[in-house]
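Chain and residue survey
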Amino acid sequence: MASKPNIRSIRFSDDLAELINRQVGKSFNEKFENLITRCVWELPQKEEELKRLQEQISLKRKQLYDLEDAIQKLRQMERDIKYLRQSLDGVMKRAETVVKAAEEDLMYL
């Protein structure tokens, strides 16, 4: 076992004591050392992972906004097409009326 020449006395809250006690280890000192070691070694990796995840979230959020924008444009196009179809149907009905009238006029010639 490594020598431990550093002896310190510190005061901390009950919440921190509970946090230390929840760590892996046989004694309070071992649990405290494990907590500090994990924070020193794992925290930078977790922060880097968090940064990557936040970047992915930003990218996905932008993709979602782009998709929502495309959907809105498609819906507007659909409304425009329906309006044009109704207009075309009206024009076709008027054209049929004109053609029938012209055919009737031709029959009497």
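In this report, the structure presented in the accompanying data block is examined. (Residues numbered from 1 in each chain as written. Predicted model: local features only at pLDDT ≥ 70, side-chain atom pairs only at ≥ 80, totals over all residues. Heavy atoms only, no water.)

So, the overall build of the protein chain
This is how it is decided: Elements are defined by DSSP. Helices are runs of H or I of four residues or more, strands are runs of E of two residues or more, and each kind is numbered from the N terminus. We compute the radius of gyration from the C-alpha atoms alone; for a globule the expected value is 2.2 Å times N to the 0.38, where N is the number of residues. The classification of residues rests on relative accessible area computed with a 1.4 Å probe and restricted to protein chains. Under 20% of the type maximum is buried, over 50% is exposed, and intermediate values are partly exposed. The protein chains shown are the only cover counted for residues, whose accessible areas, like all others here, come from Shrake-Rupley with a 1.4 Å probe. We treat Lys and Arg as the positive residues and Asp and Glu as the negative residues; His and chain ends play no part in the count. The atom standing in for a charge is NZ when the residue is Lys, CZ when it is Arg, CG when it is Asp and CD when it is Glu.
Of regular secondary structure, the protein chain possesses 2 helices and 0 strands. Against the globule reference of 13 Å for 109 residues, the protein chain gives a C-alpha radius of gyration of 38 Å, more extended than a compact globule. Projected onto its principal axes, the C-alpha positions of the protein chain cover 125 × 25 × 20 Å. Of all 109 residues assigned to the protein chain, the portion counted as buried reaches 5%. Counting only carbon and sulfur atoms, one obtains 58% of the accessible surface of the protein chain, whose full area is about 10,800 Å². For the protein chain, the centre of its 21 positive side-chain charges and the centre of its 20 negative side-chain charges are spaced 7 Å apart.

Details of the layout of surface pockets
Threshold: Any residue with an atom within 4 Å of a point lines the site, the site being either a cavity, points on a 1 Å grid over the protein atoms alone where a 1.4 Å probe fits but cannot get out, or a pocket, an open set with protein on both sides within 12 Å along at least 5 of 7 lines. Grid points are joined across faces, edges and corners, and a volume is the space filled by probe spheres set on the points. Under the convention adopted here, Pro, Cys and the residues Ala, Val, Leu, Ile, Met, Phe, Trp and Tyr are nonpolar, Asp, Glu, Lys and Arg are charged, and Gly plus all remaining residues are polar.
By volume, the largest pocket amounts to about 390 Å³. In terms of lining, the largest pocket is formed by 13 residues, of which the most central are Asn6, Arg8, Asn29, Phe32 and Glu33. Grouping the amino acids of the lining of the largest pocket by side-chain chemistry returns 6 nonpolar, 4 polar and 3 charged.

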